[in-house]
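# Remarks on the overall topology
Residue strings, one per chain:
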Amino acid sequence: MSRSLNFAIFRHNPRDPADVPRTQEYRLDETPGMTLFIALTRIREEQDPSLNFDFVCRAGVCGSCAMLINGRPGLACRTLTASLPPDISLFPLPGFELIGDLSVNTGKWMRAMSERLRAWLHFEAEPEVDALEARMEPELAEQVYELDRCTECGCCVAGCGTAQMRADFVGAVGMNKIARFRLDPRDVRSDADFYEVVGDDSGVFGCMSLLGCHDLCPKRLPLQTQIAYLRRSMARQGLW
Amino acid sequence: MFAEVDVVNLSALTPAAVPPRPSLWPARMDILQSATGLFLGLFMWLHMFFVASILLGHDAFWTVARFFEGYFFFGRSLPWLVSLFVAAIAAMLIVHAWLALRKFPAQWKQHAAFWRHMGRLRHGDTTLWLVQVLTGFAMFFLAPVHLYLMLAHPELIGPYESADRVWSGRMWPLYLILLFLVELHAGVGLYRLAVKWVAFGDPRRSLRILGRLKWAFTVFFLVLGLLSLAAYVKLGIEHADRVGEPYIPAWIKTAP
């Protein structure tokens, strides 16, 4: 027998000054293999076309559909309703600009973070696009790729106690990026250069090791390992 | 040509062209907070073993107490050695507390944000951080009471002396609270240090094992502490009519 699911969904349009934030209830019959993405799509199609939520890939690759699911950050497309109790509350990710209802502007936050951390490859010289690329050991390429799997979904920021208290904290997503460029032999930056962008309390030394990021990352990135490694490298900078 | 020379000189002299080196103090403060925490945490575990020697008998604790006064090295007790050590511990505690304050929520908005976050996340390590903040804050006020007593009267450490302080000196309520504060704070803190500094190869497995170890240590030291405190209370009640009498082992009394 299928369950009847009760959704309590956050509703607010920040562009309408008269609109008061509230939760709205929806009821839906559960179907086999139903994900939250499917449930939200059905609610929008059958009950309320005004409901805002983000999705692109529907397969846990793009990171667009991150939201608070019964209080915890997660991807709607990767969450089976069968794994949840019949009462399900959905809220937008905290810490990001609200676009409307469940949709938040993670892109704006991520761009600001990337610009602040200068999270791109810093080449020694302008790369020659016609020449063969320098070879990289497959093991190293895999390590870089492992960290590149981050989709910037924002779950680590929403799951981080420090980020919730201090808006300027770079979060695990930022530290993971630095770890990724530290690994890359094409990036000419030294630890002293990385220290300039993450060597303070809004960077790696602000991390209090609450592990929310590590435990809630939908891509299961080894964030504890990366942050510990980065902390040690950056702490070494302070020793002389 | 004249202009070219000027431009070169200017760019070499303009201070804005040379970005200042970022301060190294955030790194040093982070290391110092962890280092003082590591030392204090491990010391508190050792301290518990010293205190618990009362469970092995009066003479065992007397020996431990005199050992730290240098009795077995110099042939006589030098209690100021203990005072010196207490002063060092107090200094370390002050540094640790000052550095830890950086992490405390200071404004109402931060308090509210953390409580809200903790409530909805239902996440063990996040909740344990609040335990760290609360136990740490409580120790700002309770730890100095004990530290000052030890600083001012280092010679009053012994089976009867300590038992009198615990019972007749009415210190047992303070020690009972301190026991829980210290063991929770040290257990969680040492666990956090490992999470902070050790880059685990298989973090999910390591963190699971580490989490269990943390609770095992905390429970072990709490039980040991409660048993020891009970022993001092019992001894203190029995010795209440002879408060102030120091303990001298029988083998010293009868020695020529």
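Up top is the structure these notes are about.
Presented here is a report on the structure given in the accompanying data block. Small disclaimer: the values here were computed from a predicted structure and weren't measured. (Residues numbered from 1 in each chain as written. Chains lettered and ligands numbered in written order. Predicted model: local features only at pLDDT ≥ 70, side-chain atom pairs only at ≥ 80, totals over all residues. Heavy atoms only, no water.)

A tally of helices and strands in chain B yields eleven helices and zero strands. Starting at the N terminus and walking to the C terminus, you meet the elements of chain B as α-α-α-α-α-α-α-α-α-α-α. Taking 18 Å as the expected radius of gyration for a compact globule of 256 residues, we find that chain B reaches 25 Å, considerably beyond that expectation. Referenced to the eigenvectors of the C-alpha coordinate spread, the extents of chain B come out at roughly 100 × 50 × 40 Å. For chain B, with 256 residues in total, the buried portion stands at 43%. Put simply, of all contacts in chain B between residues at least 6 apart along the chain, 77% involve residues at least 24 apart. Within the structure as shown, chain B displays about 14500 Å² of accessible surface, and the carbon and sulfur contribution to it stands at 75%. Once the 22 positive and 14 negative side-chain charges of chain B are each reduced to a mean point, those two points are 11 Å apart. (Helix = DSSP H or I, 4+ residues; strand = E, 2+ residues; numbered from the N terminus. Rg over C-alpha atoms; globule rule 2.2 N^0.38 Å. Buried < 20%, exposed > 50% of the residue type's maximum accessible area, 1.4 Å probe, protein only. Contact = heavy atoms within 4.5 Å. Areas by Shrake-Rupley, 256 points an atom, 1.4 Å probe, with all protein chains shown as cover. Lys, Arg positive; Asp, Glu negative; His and termini not counted. Charge placed at Lys NZ, Arg CZ, Asp CG, Glu CD.)

Our next topic: the packing of helix α6 (residues 171-183) of chain A against helix α7 (residues 191-198) of chain A. All names here are of chain A. At a closest axis distance of 11 Å, the pairing of α6 and α7 adopts a crossing angle of 170 degrees. When the interaxial angle is binned, α6 and α7 end up roughly antiparallel. Touching I178, F181 and R182 of α6 are D191, F194, V197 and V198, all from α7. Looking at the contact of α6 with α7, its residues break down into five nonpolar, no polar and two charged. (Axes fitted to C-alpha atoms, helices over the stretch in contact; angles between N-to-C directions. Parallel < 35°, antiparallel > 145°, perpendicular 65-115°, else oblique. Nonpolar A, V, L, I, M, F, W, Y, C, P; charged D, E, K, R; others polar.)

Attention shifts here to the interface of chain A and chain B. Taken residue by residue, the interface counts 44 residues in chain A and 37 residues in chain B. Each partner contributes to the roughly 3500 Å² buried at the junction of chain A and chain B, and carbon and sulfur atoms together form 56% of this total. Across the chain A-chain B interface, the total number found is two salt bridges. In this structure, the connection of chain A to chain B is made through 19 residue pairs in polar contact (both at pLDDT 80 or more). (Buried area = accessible area lost by both parts, 1.4 Å probe. Salt bridge = Lys/Arg side-chain N within 4 Å of Asp/Glu carboxyl O. Polar contact = N/O pair within 3.5 Å; in protein donor to acceptor, adjacent residues only side chain to side chain.)

Moving on to the sheet that holds strand β5 (residues 87-91) of chain A. All names here are of chain A. Pairing in this open sheet of five strands is mixed, and the strands run β2-β1-β5-β3-β4 from one edge to the other. Pairing within the sheet leaves two strands with one partner each, and these edge strands are β2 (22-29) and β4 (72-75). On average, adjacent strands in this sheet sit at an angle of 35 degrees to one another, irrespective of strand direction. As defined by bridge partners, strand β1 (residues 4-11) adjoins β5 across four bridges and the pair is classed as parallel. Counted as the bridge partner of A8 is S89 from β5. Sheet strands in contact with helix α1 (residues 36-46) are β1, β2, β3 (66-69) and β5, and its direction is about 100 degrees off that of β2. (Pairing = 2+ DSSP bridges.)

This part is about the side chain of S83(B). All names here are of chain B. Within the secondary structure layout, S83 lies in helix α5 (residues 80-100). On the accessibility criterion, S83 (15% relative accessible area) is buried. Sequence-distant contacts of S83, defined by excluding residues within four places in its chain, comprise M150, L151 and P154.

Residue and element names in this part refer to chain A. Turning to its location among the elements, Q226 is positioned in helix α9 (residues 223-237). On the basis of relative accessibility, which here comes to 16%, the residue Q226 falls in the buried class. Discounting chain neighbours no more than four positions away, the residues touching Q226 are L147, N176 and A179.

With that settled, the discussion passes to the nonpolar core. Grouped together as the largest cluster of nonpolar side chains are 76 residues, with contacts concentrated most on F7(A), I9(A), L36(A), L40(A), L90(A), M175(A) and M234(A). Ranked by size, the runner-up nonpolar core spans 27 residues in total, among them L40(B), I54(B), V166(B) and L181(B). (Core = buried A, V, L, I, M, F, W, Y, C linked by side-chain atoms within 4.5 Å.)

Residues and elements named next belong to chain B. Together, F67, F68, F72, F73, F74 and W251 give the surface a local cluster of nonpolar side chains, amounting to about 670 Å² of exposed area. Of all the secondary structure elements, the ones that give two or more residues to the nonpolar patch are α3 (58-68) and α4 (71-74). Top element by residues in the nonpolar patch is α4. It accounts for three residues. With respect to the helices and strands, F68 occurs in helix α3. Residue classification places F68 among the partly exposed residues on the basis of a relative accessible area of 37%. (Patch = residues over 30% accessible without salt bridge, like charges linked within 9 Å, V, L, I, M, F, W, Y side chains within 5 Å.)

The next subject is the packing of aromatic side chains. Residues and elements named next belong to chain B. Applying the stated rule across the entire model yields 28 aromatic pairs over all chains. Look at W62 and Y71: their rings are 5.6 Å apart centre to centre, the planes differ by 75 degrees, and that puts the pair in the edge-to-face class. Judged by relative accessible area, W62 falls into the buried class, the value being 5%. Note on Y71: relative accessible area 25%, which makes it partly exposed. Put simply, the rings of W45, F49, F217, F220 and F221 touch in pairs and so form one group of aromatic residues. In this structure, R28 is placed above the aromatic ring of W25, and the distance from its NZ or CZ to the ring centre is 4.9 Å. (Phe/Tyr/Trp six-rings, centres within 6.5 Å; stacked < 30°, edge-to-face > 60°. Lys NZ or Arg CZ within 6 Å of the ring centre and 35° of its normal.)

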